[in-house]
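In case you want the letters, here they are:
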Amino acid sequence: MNKVYKKILVCTLSIWTCIIAHAQSIHFSQFTNTPLLTNPANTGFIPDGDYRISAHYRTQYSAVMNVPYTTFAVFGDTRTFESEDQNGWLGIGTSLMRDVAGSSALSTTKLYGSVAYHQILGASSLLSGGITAGWVNKNINRSKLKFPDQFDGRFFDSNLPTNVILDNTAINYLDVQLGLNYAYFPNEQTYINGGLSIQHINKPKETFFQSTTIDVKTGGPYNQTIPIQYNIFVNGSFKTNSDWILNPNIHYNRTTGTSALALGCTAQYNLSGDGGSQLIGGLYYRLNDAIIPMIGLNIQGFAFTFSYDATVSSLTKFNNTYGALELSLVKIGLFNNADQQRRRPLICPKF
């Protein structure tokens, strides 16, 4: 790859990430393993257990940047205040995310708390509603940024003057998200779940510029608020026999001017016969962006999953299809013995 073009691409990625106020939300390809990030109504919705703890790591752009983008997140949620018949309960949870763009030019920290209420309706349906609220901090290390007007034709020289002026290098704001969730489980072999969430409903202000900054596209003041984002998902779980469970999924999000669609399927294979050990495999496609194979292993409630984003967009001319690597570890467990699990209304197919 031509070094000049690579440098220009690196600069473009850095400026796009650090300067544009309407930056993309932190996201993971393994969206089924990050339920609290997908929808606050998923908080405490744990069909196979009382609590869930997870950790996730993602690295991307390593093929086009000297230092790749990295994202780390931890989540935890639990069921509480259950009714005597266990048909209604409250879910509470928390999540912490840390994202570092390239050589630490831009770092993002997000700390959220979430709560949801779940009510089983009749014998085969569940309705949930939840809210997430939290603190977001973004920091720019200006010394690690290079701007287009510092390109001398061969290299980016940070000693050259630039017309780009950042009024702030650190910002903080409150972020709020609402969500609804519906699940249908007519029998022990079938489970369908769908939900809608709305992010940034309080439209927080996110900018490193002053309010007087002019948007060159509109000629007016720059819109500093984060636009509302809508997320829709549909999951399914179908037990075909004693050895296989299939899990098709689709996830769609949309905000002002942009949208993303991901869909695919994973399968669980019963390795041990009693469900204690399961092999996980699957394939996803993010429209006009990446093909995402996935493989993992679940042993006694610990699920470790690895996925790889193979780029199929125009970025392939720069990264040779090498998009991102992602790892996740999820633990689901019970506070008490197996009797509690047998008393709980069955929601999701299991071995």
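Residue numbers restart at each chain and count upward from 1, following the sequence in its written direction. Per-residue local features of the predicted model are confined to residues with pLDDT of at least 70, and side-chain atom pairs are confined, for both listing and counting, to 80 or more; whole-chain, interface and lining totals are unaffected and use all residues. In computing side-chain properties, one takes all heavy atoms of the structure into account and sets aside hydrogens as well as water.

Asker: Quick one: what's the story with the overall build of the protein chain, residue by residue and with numbers?
Answerer: From N to C terminus, the protein chain includes four helices and 14 strands. Expressed as a percentage of the 351 residues in the protein chain, the buried residues total 46%. Residue pairs in contact within the protein chain that sit at least 24 positions apart in sequence constitute 58% of those at least 6 positions apart. Think of it this way: any DSSP run of H or I at least four residues long counts as a helix, any run of E at least two long counts as a strand, and we number them from the N terminus. To sort residues, take the accessible area from a 1.4 Å probe on protein chains only and compare it with the maximum for the residue type: under 20% means buried, over 50% means exposed, and anything in between is partly exposed. Any pair of residues with heavy atoms lying within 4.5 Å of one another is described as a contacting pair.

Asker: Could you give an account of the environment of D50, with specific residues and numbers?
Answerer: If you trace the backbone, D50 turns up in the loop between α2 (35–38) and β1 (51–60). Along the backbone, D50 and D77 are 27 residues apart, and their C-alpha atoms lie at a distance of 8.7 Å. Here the side chain of D50 touches F335 through a polar contact of 2.9 Å, landing on its backbone nitrogen. Counted as a polar contact is a pair of N or O atoms within 3.5 Å, where, for protein atoms, one must be capable of donating a hydrogen and the other of accepting one, and residues adjacent in sequence contribute only when both atoms are in side chains.

Asker: Residues and numbers for the pattern of salt bridges, please.
Answerer: The rule for a salt bridge is simple: a side-chain nitrogen of Lys or Arg has to be within 4 Å of a carboxyl oxygen of Asp or Glu. On inspection of all chains with the given rule, the structure shows seven salt bridges. A salt bridge links R286 to D309; its shortest N-O distance comes to 2.7 Å. Here the residue R286 occupies a position in strand β11 (residues 277–286), and D309 occupies one in strand β13 (residues 302–311), the gap between them amounting to 23 residues. Both residues of the pair, R286 and D309, count as buried. The network of salt bridges with shared partners includes R58, R286, D289, D309 and E326.

Asker: I'd love a proper account of the nonpolar core, names of residues and values included.
Answerer: The tendency in soluble globular proteins is for nonpolar side chains to be buried side by side. Working definition of a nonpolar core: buried Ala, Val, Leu, Ile, Met, Phe, Trp, Tyr and Cys residues. They are joined through side-chain atoms within 4.5 Å. F28, L36, L37, A73, F75, M97, Y112, V136, Y173 and I226 form the largest nonpolar core, which has 10 residues in total. When contributions to this core are tallied by element, the ones reaching two or more residues are α2 and β2 (69–80). Residues in contact with Y173, not counting those within four places in the same chain, are G134, W135, V136, K138, P204, K205, E206 and I226.

Asker: Tell me what's going on with the confidence of the model for the protein chain, and back it up with residues and numbers.
Answerer: Looking at the protein chain, the pLDDT average stands at 84 and 78% of residues meet or exceed 70. By definition, pLDDT measures how confident the predictor is in each residue, and it falls between 0 and 100. Contacts from residues 1–24, a stretch scored under 50 in pLDDT, to residues over four places away or in other chains number 53 contacts.

Asker: So what's going on with the side chain of D175? Residues and values would help.
Answerer: Along the chain, D175 falls in strand β6 (residues 170–187). Only four residue types enter the tally: Lys and Arg on the positive side, Asp and Glu on the negative side; His and the chain ends are excluded. Buried and unpaired, D175 has no salt bridge, with K110 as the nearest side chain of opposite charge at 5.2 Å. A distance of 2.8 Å separates the side chain of D175 from the side chain of Y112, its partner in a polar contact. For D175, the contacting residues outside a window of four places in its chain are Y112, T132, A133, G134, V136, H200, N202 and P204.

Asker: Report on the pairing of strand β7 (residues 190–199), specifying residues and quantitative values.
Answerer: Consecutive side chains of a regular strand alternate in pointing toward one face of the sheet and then the other. The pairing criterion is simple: DSSP has to find at least two bridges between the two strands. Pairing of β6 with β7 involves nine bridges; the strand directions are antiparallel. Considered in β7, the bridge of Y182 is made with G194. In this antiparallel pair of consecutive strands, β6 and β7, the connection spans two residues. Sheet topology note: the β7/strand β8 (residues 229–239) ladder contains 10 bridges and is antiparallel.

Asker: Hey, could you go over the packing of aromatic side chains for me, with residue numbers and the actual values?
Answerer: Stacked, edge-to-face and tilted are the three classes for Phe, Tyr and Trp ring pairs, Trp counted by its six-membered ring, which pair at centre distances within 6.5 Å; planes under 30 degrees apart are stacked, over 60 edge-to-face, the rest tilted. Scanning the model with the defined rule gives three aromatic pairs in all. Ring geometry for F31 against Y284: centres 5.6 Å apart, planes inclined by 80°, an arrangement best described as edge-to-face. Of this pair, F31 sits in the loop between α1 (3–19) and α2 while Y284 sits in strand β11; the two residues are 253 residues apart in sequence, bridging distant segments of the chain. Residue classification places F31 among the buried residues on the basis of a relative accessible area of 9%.

Asker: Talk me through the environment of G134; I want residue IDs and the actual numbers.
Answerer: For G134, the location among the structural elements is in strand β5 (residues 125–140). With a relative accessible area of 8%, G134 lands in the buried category. Taking the C-alpha atoms as reference, G134 lies 4.0 Å from Y112; in sequence the two are 22 residues apart.

Asker: Got a sec to walk through the pairing of β11? Specific residues and values, please.
Answerer: Of the strand pairs in this sheet, strand β10 (residues 258–270) and β11 are connected by nine bridges, and their pairing is antiparallel. Each bridged residue has a counterpart across the sheet, and for Y269 the counterpart in β11 is L279. Alignment of β11 against strand β12 (residues 290–299), held across 10 bridges, turns out to be antiparallel. Considered in β12, the bridge of S277 is made with I299.

Asker: Lay out the side chain of S128 in plain terms, naming residues and giving numbers.
Answerer: Counting through the fold element by element, S128 comes out in strand β5. Of the residues examined, S128 reaches a relative accessible area of 2% and is grouped as buried. A distance of 2.6 Å separates polar atoms of two side chains, one belonging to S128 and the other to H118. Discounting chain neighbours no more than four positions away, the residues touching S128 are A41, Y117, H118, G179, L180 and N181.

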